[in-house]
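# Architecture and fold: a report
Each chain is listed here by its residues.
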Amino acid sequence: LLRRYRHVAPFFSVVASARPMKTINKDMSRLTLASTSSATRFISGTPISKKSDSKKNDLIPGAAQSSYGSLGDPTSPFAKNNISDNSNNESAASNSRDHKNANPTSWQPQNDADVQRVTSQALIYELTRTTADTIEKVVPWFLHTMPESYFRQIPPYLRREHVKSLAAIVDADMDLYLNLKSKTSDGRTVHTFIRPTTQPGTLLSMVEELPDSNPSTPSLTRLHVFSAADNSFSLNMFVMGKSEPMPHEDSVTENNSAAPRPYRDAILQFASEVRNGKYLSEYPDLNPREVCFGESSLQCYLSKCRDNYLKVICEHPERFLRQRMLFESVSGTEGCEARVEEAVHESAGSANSANGKQYWLDVAMANSLPQIALEHTCRLLFVQGFDVNKARLDVIPDGDNGNVTMLRLLVHPIIVDTESGVNSNANNVVDTKSRFERLKYNLKRSKWLDDTTMKLVFEDEPWLGVKRGEIITAMCNLLHPIFTKTAGSGGSNFYSKHNILQTVTNSGSIGHAAKIADLFLERFDPKQPMDNNASFQRSLDEIRNYISSNVQETFVKELLVKMTEIVEKTYKTNIYVKNRYALSLRLDPSVMSVGSQEDSTLPYGILFIHGRRFNGYHTRFRDISRGGLRLVAPESSEQLALESARQYDECYGLAFAQQLKNKDIPEGGSKAVCLIDTNDILHGTTHHKDPPSKSNSNAYFSPSTPSDAKILIRNIHRKAKLVENDDIKFVHAVLRVICANTLEISSMMTASCDQLPINQTCREIANLFFERFDPKQPMDNKVSFQRSLDEIRNYISEIIEKTYKTNIYMRNRYALLLRLDSPVMGVGSQEDSTLSFGILFIYDRRFNGYHTLFQDISRGGLCLIVSESSEELALESARQYDECYGLAFAQQLKNKDIPEGGSKAVCLIDTNNILHGTRDYVLHKSVKAMTDSILDLVVDTKETRDAIVDYFGKREVLYLGPDRNVTPEDINWIIKQADRRGYETPDAFMSSKPRAGTNHKEYGVTSEGVNVFLDVALQRVLGIDPGKESFTVKMTDGPDGDVGGNEIKIMVREYGDNAKIVGIADHSGCAEDPDGLNHEELLRLFEQELCISNFSASLLGPSGILHICDTEEGIKARNTMHNRLKADAFVPCGGRPNTIDVNNYKQFLLEDGSPSSKLIVEGANLFVTAEARQKLYEDAGVLIVKDSSANKGGVITSSYEICAAMLASEEEFLENKDAIVAEVLAKLRGFAKLEAELLFREAELYGQALPEVSQAISNAINSASDALSTALETLSPQDQDQLISLFHGHLPKTLADLGFDKVRERVPQQYIKNAIASTLASKMVYKEGTRFITALPDDRLAETALCYIQEEKEVIKLIETLEKTDMSEEEKNKILKLLDAGGARTALSLKHE
C-alpha cells in the first residue's frame, strides 16, 4: 500500500506521530467542508455539496471526471461507488477478513475503505495547502499590477473569478493563457481572455477568436482592455448581449423617471457650466452653443448610457461631452468619425511608445456590427504602428437609424525594430500628427472598404495607401467580366476575380498597377486636374511603353494595358469626395466591348460602383434615362463567381430591353444591377431573411450552378421533409448534370415549380428513376415508361431518359454514377464525328467527375482539378465538361494508331473549407470514389448483375492513365481495387504502374516520337540531313524534364556534334550559346535531374550567357528566349499553355519579319494556340508540327502496356521487359515516321498548313477504324480469324510470342476487333493518303478496306514471286517499289472496273 500510495506516505508518517486517526478524520472533515469552494476549483470532477456557497459545480468549463484516480492509477470499483465510512459492506468485510491475521501497527488502517478515505483526505489537505500558498502570493501581486481602472470598472464577483483562474494557472506552473466564459449579474455573457503578453496585436488576435455572432447569440456590446503594470499579461473582457436596467438602478427611461445618480449630476452640472462659458479657455473645443449640450438632449443621451460607463467618465466630464459630439456627428447617418487627444490624465506612456506619450482615440461608427467595427479598428491600429493599452466599447441606440458603436482606446505609437517589418523609427520623434490623420482617414474608409482592398493596403502592400488600393481593386473587379467574355469558356477560370487580383498585385505587377493608379489620381485631382489631353496622353503612353518592354507574360500585359484603358475612358469619379460610401466611375461604354455605335446598341453611358461586398453597374441608353435597380445576392461563392462574370451582360441586356420599352416616354432605358456578396458573413446579417414569395419563385428556384442544386435540395427539406436520402442524392446529381449543360435553366425550373409543388416534382423524378432501374422489376415496358415520362414533362426528365446505366442500387457504392447518352450534354455532332460515344457522370460529397469516351474501348488519363478558391471552383465547374470533352477529343486524335479510342476523366474536387492538412486525403478519397464508381458499370459480377439495369446493352471497356495530381499510391490502389472488384485484367485498368509499367521519363517514349518528326522536318522543310549536317535548335523545358531532358539525350545520341542546342529555358532560367551548349554538361544535368540554372558557366562559349530567375532581368531573358534566339528549329518540350498566342505571335518574328525559327515541332501540348499557328504560317511561313502528331509516343506506349497486362503475367513482363520496351520504342518510332512522311507529303501536295493535315490524318484513320469496327461485327468468326494476323503484327514480337496463343482467352473480343480495325485503317491511310479515305462513300468505306487487305495480300505474293524472277536488279527494284507503293490500290481499282 505504501508503494501504491507513495506520494502520500510522508503525510501518513507525520499525522501518525501526532494524533490518533479518529481525531485526524474529524479535523480533516472540517477542513474538507471549509475548503470545498477552493479545492474543487482545481480538482476535475470533485462533487460540491448542495450546502456549499459555490454557485456552480463545474468551475472549470469542459472538465470531465477522469477514469483514473488522482495518483494516475485506474480508479478502483470502490471509488466509483462512492464508498462512505461504512465499513460493513461486502468489499470492506472481505478485505477485513483477508487481513484479520495480520498484526498492523496502531496507526495503520484496518481495510481498503480506510485507505481510500485517508488518501482522499490527505490529497485534499495537500492541495488546499498548496493552493492557499499560491493564492497568498497571487492576490497581492494581482492587486498591485492591475490598473486602477480595472477595479473601478469590473465588479467584485468577476474579479474573484479572474484571481481564481490566475491562481490555478500559477499553481500548475503554466503560461498565463486562459479563456473564461462567465455571466454578469444581469445575465450577459462575458468572454475573458488572459494572455501572457502585452505585445502589439494582442487585442486583435483576441477579437479574431471571438465566436461569430448570429441571431441566436448575443452580439458584442461592451469591451474592457487591461494590461498588467509589469507587462506580464493582458486581461481583456468582451461582454455579449444587451442588459436590462437592474431593479436597484435609477436609470431614466420612458417608464422610469427616477432622479439621476450623482455621476449623472456631475456631467449635467459640467455641461451647464460649459453652456455658461466657464471653460472657454480651458476647453476651447467645447462650444457653449452646441445643441447637443442642451439639458433635454443630454438627459435623452444619458438615458441610453450604462451607469458603469457614466461612473467612469464622470471623473472627466469634458471627455463625455466630446464623445457626445462624436455621437452626434454620425447620428442618423451611415458614417464614421474619429478624434484623437493626448492622454493628459493617465500615467506616463508605455516604454514601447515612440514618443513616450499616450493618446485617447475615440471612434463612432453608425450601423456597424460592433464585433466587425472593433476588429477593423484593431487591425488598422496594428498595421499602422499603434498599440492599445486600454479600450472600451459601448453600443448606443440611435432611434430609427439603428445604433452607434462607440470605441474609446488608449493607444500609443510603438517602437519596433525596422527589420521586423513595422514602419517605425526608434531614434527620432515620430510624426504622430500625420500618422493619426492617416489613421482617422483609414478608419472612416474602413467601414466601406472591401476585404480585398483592406488586405491589400493594410497588410500586403501598406505603402500603396487607401486611395491607390481602392482604385486597383476596383479595376480588378471591372476587368473580370471584360476578360471572362473575351477569353471564352476556356479562359474563364484563368480570368477569375481571384486570379486577376493575384496577378495585378503580385510583386512583379504591383509597381505597374501603382503607377496606373497614380495617373488616375492625377487626372482627377480637383486641386490640379490633368485637363491637358496632350500631357495625359504622354503619361499614358509612357506607362504603356514601360509595360510593353518590361512585362513578359502576355496575360499580365493584357490586364495592365486594359487598366490604362480604364483610366483613359473614365470621365468622372468620386475618388476625392470626403465622405463617400464607395468608389464610382463614369465610364465610356466602349470599354466594356459590348454593343456598337453603328446599330445603336452601344449604351450612352456606364456607371461602375465598387464598394464593400458589392459591385454595381448602371447602364443607360440616353442622357435622361429610367430603369429599375436590381439587387442580386447569391447564396454561395460558386454562384457569386458566375454571377460576377455575367453581371455586366445582364445589366446591359436589361437596360437594352428597357430602352425598347421606353419608346413612348421621354426617358431612355436604363438598369442598375448590384451584385452583393453575402457569403462568409456573420449569420443573420442579410437584409432579407425570408425566401421570396411564390410569385418570385423564379428567383428562388433557378439552379444555374451546382450550389443552386444544394439550395434547391435544402429548401425541399425545409418545405416538406418528404424526400428520402437517396432521392435527394439522385436529384442533386441530376441538377449537377444540367448545370454543366447550361447556366440558363430558369424557365425549366419555373415550369417545374408551376406544374407541381417542388418537393412533389423532385420526388416523382426520383421515383421514376428508381422504378426504371429496379433490378427486381425494371420498367422495361417502353410504353409504360414513356407514359410516366410524359407526366413530368420537363428537362430534368430528359436526364432519366438518356441515362443508360446507374449504380444507384449498388449496396456499397462510393458515389453516384450515371452512364449518359452523349447528346444530353449538347456538345459535338454525329455528322462530323465529334459526338462522343458516351459519358459517365460521377457525383459525391466533395467532387464531380466526368469520363468522356469516343469508342466502346477507350483509354485516357484521369485528371484531378483542385481549385484554390470557391470562385475558381465555380468557374471550373461551369467549364468542367467542356474541358473533359476537349481533352478526350484531343486524345482521340492521338490514339489513331492504337486499338483504344480517346477518352478523358476529369474530377473536380472541392478542397475549400476543409481541415488544414487534409487536402491530400480529400484527393485520395475522391480518386477512390470516382474509380470505384466507374468499376461499378464496367465489371460483370453477380453483384453488378443483381443491382444494375443496363439499357445500353453493350459492354464498354475502359482504361485509365495517370494525369494531373494522380500519385503512384493512387495507381496502386486503383489496380488492387480493380482486382478486388473482378475486373478481368486489373493490371490493364490503370497504366504507368510503378513496377510493371513503362516509365515514360525513364525510356523517353514521348521524346522518341518528337525527334522522329524533327528529323523528317529538318530534311523536308530545311533540306538539312541532321545525320550529316549541322543544325541549330532551341528548346523549352530543362535537362531535368521528361520530354526536354530525353530530347537532349536523343539528339546527342543520334546526331552528335551536328546538333547545336543554342538555347534552353526552364523554370529556373535559361542558358544561351550561339556555338551550342556543351553536350557533356547537358547530359550531366539530365542524369542528375538538375535544372538549367545548374549549367556550369565556365563551359559556355565566348558569346554564351547563363540567366538565373533570381532577378527581373533573368526572368525577362528566360521568358523571351524562345522568341529572341535564332535557330533552325524550335522544340517546345514544356512551358505554359498558350505561351504563343494570337496577341504575341509577332514577337517570334525578327525585325525584318522573318521568323526566329522556320520550323516548330510541338513536344509540349498547347504551347502555341491554333490561331497563332495559322498566323505564323500565313505571315511568316512557319511550319508547325502539331502536338497531337509530334508527341503521340506516350499514348502508343501506354496502349502496349495495356496489351502486356492482358497477354503476360507481371513476372513474364518483368523477365522480358528490356526486350519488350526496345520493341515498343521501335514501333512508336515507326508510327511517327509513317505519319511524318505522310504529313509533309500531303502538305506539299495540297498546299495546306501542317496542323490542318495533321487533323485530316487523324480524322481519316478514325473514320476508317470506326467503319471497320462496325463491319467486323457482321463477319463470321472464321473471317475474323483471317484478319487477326493484323493484331499480331501490331504487337511487339516478344510480347506476341509470350501470349498471343491465348489472345482469345485473355483479350476482350471488342479489343481484338478494335485492334484489327485500327491497324488496317492506319495502314491504309499512311500508305494511300487521306484523300483515299475521304473520297469513299461512308457506306462503302468498310467494304473497300476489307477488300484492300485482301488485295494487299495478293500484292505481297506477287512481290515474292517477282523477287525470284531473273531480271536486272535495277528494273526489278523499280517494279518492286511501284508495287509496294500502289499495288493494292491499283488492284482494288481494277477489281471494281
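Higher on the page you've got the structure.
Residues numbered from 1 in each chain as written. Predicted model: local features only at pLDDT ≥ 70, side-chain atom pairs only at ≥ 80, totals over all residues. Heavy atoms only, no water.

## Thoughts on the overall build of the protein chain
Defined as follows: By the criteria applied, helices consist of DSSP H or I runs no shorter than four residues and strands consist of E runs no shorter than two, each listed in order from the N terminus. Each residue's exposure class comes from its accessible area (1.4 Å probe, protein chains only) as a fraction of the maximum for that residue type: buried when under 20%, exposed when over 50%, partly exposed otherwise. Contact criterion: two residues are considered in contact whenever any of their non-hydrogen atoms come within 4.5 Å of each other. The method behind every accessible area is Shrake-Rupley, applied with a 1.4 Å probe, and residues are considered shielded solely by the protein chains displayed.
Summing up its helical and strand segments, the protein chain has 52 helices and 29 strands in all. Taken over 1393 residues, the protein chain has a buried fraction of 53%. Put simply, of all contacts in the protein chain between residues at least 6 apart along the chain, 70% involve residues at least 24 apart. Of the roughly 63,600 Å² that the protein chain leaves accessible, carbon and sulfur atoms contribute 50%.

## Comments concerning helix H15 (residues 432-446)
Stated formally: Take the residue count of a helix, subtract one, and multiply by 1.5 Å to get its expected span.
Under the 1.5 Å per step criterion, the end-to-end length of H15 is 20 Å for 15 residues, consistent within 8% with the ideal 21 Å. For H15, every residue scored as buried is listed here: Thr432, Arg435, Phe436, Leu439, Asn442, Leu443, Lys444, Arg445 and Ser446.

## Remarks on the environment of Gly849
With respect to the helices and strands, the residue Gly849 is situated in strand E19 (residues 847-853). Gly849 sits in the buried class, given a relative accessible area of 0%. Considering only alpha carbons, one finds Gly849 and Leu864, 15 residues apart in sequence, at a separation of 9.1 Å. In contact with Gly849, other than residues within four places in its own chain, are Leu840, Phe841, Ile842, Gln880, Val906, Cys907 and Met930.

## Considering the sheet that holds strand E7 (residues 386-397)
Strand pairing in a sheet takes place through backbone hydrogen bonds and is either antiparallel or parallel in direction. We apply this condition: A pair of strands is labelled paired if DSSP reports no fewer than 2 bridges between them. The convention used is that axes are lines fitted to C-alpha atoms, helices contributing only their stretch in contact, and that angles between N-to-C directions extend from 0 to 180 degrees.
An order of E1-E2-E4-E3-E7-E8-E6-E5 is seen for the eight strands of this open sheet, with the pairing classed as antiparallel. Both edges of this open sheet fall to strand E1 (178-183) and strand E5 (336-342), since each of them pairs with a single strand only. With strand direction ignored, the average angle separating the axes of adjacent strands in the sheet is 15°. Two strands pair when backbone bridges link them, and E1 and strand E2 (residues 189-195) are joined in this way by six bridges, in the antiparallel orientation. The partner of Asn179 across the bridge, within E2, is Phe193. Together, E1, E2, strand E3 (220-227), strand E4 (234-240) and E7 form the strand contacts of helix H9 (residues 202-209), whose direction differs from that of E4 by roughly 35°.

## Some points on the pairing of strand E11 (residues 605-611)
Within E11, five of the seven residues are buried, which leaves the element mostly enclosed by the surrounding structure. In terms of strand pairing, strand E10 (residues 583-587) meets E11 through five bridges, oriented antiparallel. Among the inter-strand pairings, Leu587 is bridged to a residue of E11, identified as Ile606. Looking at chain direction, E11 and strand E12 (residues 614-620) are connected through seven bridges and run antiparallel. Looking at E12, one finds that Ile606 is bridged to Thr619.

## Observations concerning the state of the cysteines
What counts, and what does not: Put simply, a disulfide is two cysteine sulfurs that come within 2.5 Å.
In total, this model carries zero disulfides according to the counting rule given. Free of any disulfide, Cys1109 has its nearest cysteine sulfur in Cys1070, 7.2 Å distant. A relative accessible area of 22% places Cys1109 in the partly exposed class.

## Looking at the pattern of salt bridges
For the record, the criterion: In what follows, salt bridge is the name for a side-chain nitrogen of Lys or Arg lying within 4 Å of a carboxyl oxygen of Asp or Glu.
In total, this model carries 65 salt bridges according to the counting rule given. Between Lys164 and Glu161 there is a salt bridge, and its shortest N-O distance comes to 3.4 Å. Placement of both Lys164 and Glu161 in helix H8 (residues 156-171) is noted, with a separation of three residues, approximately one turn of the helix. Residue classification places Lys164 among the partly exposed residues on the basis of a relative accessible area of 25%. Residue Asp946 is joined to Lys942 by a salt bridge in which the shortest nitrogen-to-oxygen separation is 2.7 Å. Highlighted residues: Asp946 and Lys942, both in helix H32 (residues 942-947), separated by four residues, approximately one helical turn. One connected set of salt bridges, linked through shared partners, spans Glu208, Glu375, Arg379 and Glu459.

## Description of the packing of aromatic side chains
To be explicit about the condition: Only the six-membered ring of Trp is used, alongside the rings of Phe and Tyr, when aromatic pairs are assigned; centres must lie within 6.5 Å, and planes under 30 degrees apart are stacked while those over 60 apart are edge-to-face, with the rest tilted. Whether a charge sits over a ring comes down to the Lys NZ or Arg CZ being within 6 Å of the ring centre and within 35 degrees of the ring normal.
Scanning the entire structure with this criterion turns up 37 aromatic pairs. Ring geometry for Phe854 and Phe889: centres 5.6 Å apart, planes at 55°, overall tilted. Here the residue Phe854 occupies a position in the loop between E19 and strand E20 (857-866), and Phe889 occupies one in helix H30 (residues 870-894), the gap between them amounting to 35 residues. Of the two residues, Phe854 and Phe889, both sit in the buried class. These aromatic residues form a ring-pair network of at least three members: Phe608, Tyr617, Phe621, Tyr648, Tyr652 and Phe656. Taking NZ or CZ as reference, Arg324 lies 4.7 Å from the ring centre of Tyr301, over its face. Between the NZ or CZ atom of Lys515 and the centre of the ring of Tyr546, over which it lies, the distance is 4.1 Å.

## A closer look at the sheet that holds strand E29 (residues 1183-1185)
Reading across the sheet, the seven strands line up as E26-E25-E24-E23-E27-E28-E29 and stay open at both edges, with mixed pairing between neighbours. Of all the strands in the sheet, just strand E26 (1105-1108) and E29 have a single pairing partner and so form its edges. Neighbour to neighbour, the strand axes of the sheet diverge by 15° on average, direction disregarded. In this structure, strand E25 (residues 1069-1072) lies alongside E26, joined through four bridges in antiparallel fashion. Bridge pairing in E26 links Ala1071 to Leu1106. Helix-sheet contacts for helix H37 (residues 1042-1055) involve strand E23 (1031-1036) and strand E24 (1059-1066), and the interaxial angle to E23 is about 165°.

## Some words on the packing of helix H44 (residues 1217-1246) against helix H49 (residues 1309-1328)
Quick reminder of the rule: Orientation labels follow simple angle bins: below 35 degrees gives roughly parallel, above 145 gives roughly antiparallel, 65 to 115 gives roughly perpendicular, and whatever is left gives oblique. Two helices crossing with the near one rotated counterclockwise from the far one by less than a right angle form a left-handed crossing, whereas a clockwise rotation gives a right-handed crossing. By the convention adopted, Pro, Cys, Tyr, Trp, Phe, Met, Ile, Leu, Val and Ala count as nonpolar, Lys, Arg, Asp and Glu as charged, and the other residues, Gly among them, as polar.
Axis separation between H44 and H49 bottoms out at 9 Å; the angle between their running directions is 40°. Classified by the angle between their axes, H44 and H49 sit oblique to one another. The crossing of H44 and H49 is left-handed. For the pair H44 and H49, contact is made by Phe1231, Leu1234, Glu1235, Leu1238 and Arg1241 and by Val1325, Tyr1326 and Lys1327, respectively. Classifying every residue of the contact of H44 with H49 by side-chain character gives five nonpolar, no polar and three charged.

## Some thoughts on the packing of helix H20 (residues 533-550) against helix H21 (residues 554-568)
Across the interface, H20 lies against H21 with an axial gap of 10 Å and an inter-helix angle of 175°. When the axes of H20 and H21 are compared, the pair comes out roughly antiparallel. Of the residues in H21, those touching H20 at Phe536, Gln537, Leu540, Ile543, Arg544, Ile547 and Ser548 are Lys557, Leu560, Val561, Thr564, Glu565, Val567 and Glu568. Counted by class, the contact of H20 with H21 contains seven nonpolar, three polar and four charged residues.

## Describing H37
Given 3.6 residues per helical turn, the α-helix brings residues three or four places apart onto the same face. In this model, H37 (14 residues) spans 20 Å end to end at C-alpha, consistent with the 20 Å of a helix rising 1.5 Å per residue. Taken as a whole, H37 has its buried residues at Val1043, Gly1044, Gly1045, Asn1046, Glu1047, Ile1048, Ile1050, Met1051, Val1052 and Tyr1055. Tucked inside the fold, the buried residues of H37 contact helix H35 (1000-1003), helix H36 (1005-1021), E23, E24 and helix H38 (1079-1087). Looking one or two residues beyond H37, the residue adopting positive phi is Gly1056, at roughly 60°.

## Considering the environment of Gly1134
Take Gly1134: it is sitting in the loop between strand E27 (1129-1132) and strand E28 (1159-1161). Note: C-alpha distance between Gly1134 and Asp1042 (92 residues apart in sequence) is 8.9 Å. In this structure Gly1134 touches Thr1036, Asp1037, Ala1164 and Phe1167, once residues within four positions along its chain are discounted.

## As for the nonpolar core
What counts here: Only buried residues count toward a nonpolar core. Its members are Ala, Val, Leu, Ile, Met, Phe, Trp, Tyr and Cys residues joined through side-chain atoms within 4.5 Å.
In this structure, Tyr959, Tyr983, Met1035, Met1051, Phe1287 and Tyr1311 are the most contacted members of the largest nonpolar core, which totals 139 residues. Looking at this core, the element that brings in the most residues is H44, giving twelve residues. If we ignore the near neighbours within four places in the chain, the residues touching Tyr983 are Leu935, Val938, Val939, Val957, Leu958, Tyr959, Ala978 and Phe989. Counting 93 residues, the second largest nonpolar core, distinct from the first, contains Phe193, Ala373, Leu443 and Leu478.

## Details of unusual backbone geometry
One non-glycine residue, Asp1037, lies in the positive phi region at around 95°. Mapped onto the elements of the fold, Asp1037 is located in the loop between E23 and H37. Look at Glu1089: it is not a glycine, yet its phi comes out positive at around 55°. Summarising the element assignment, Glu1089 is placed in the loop between H38 and E26. According to the relative accessible area criterion, Glu1089 is exposed, its value standing at 52%.

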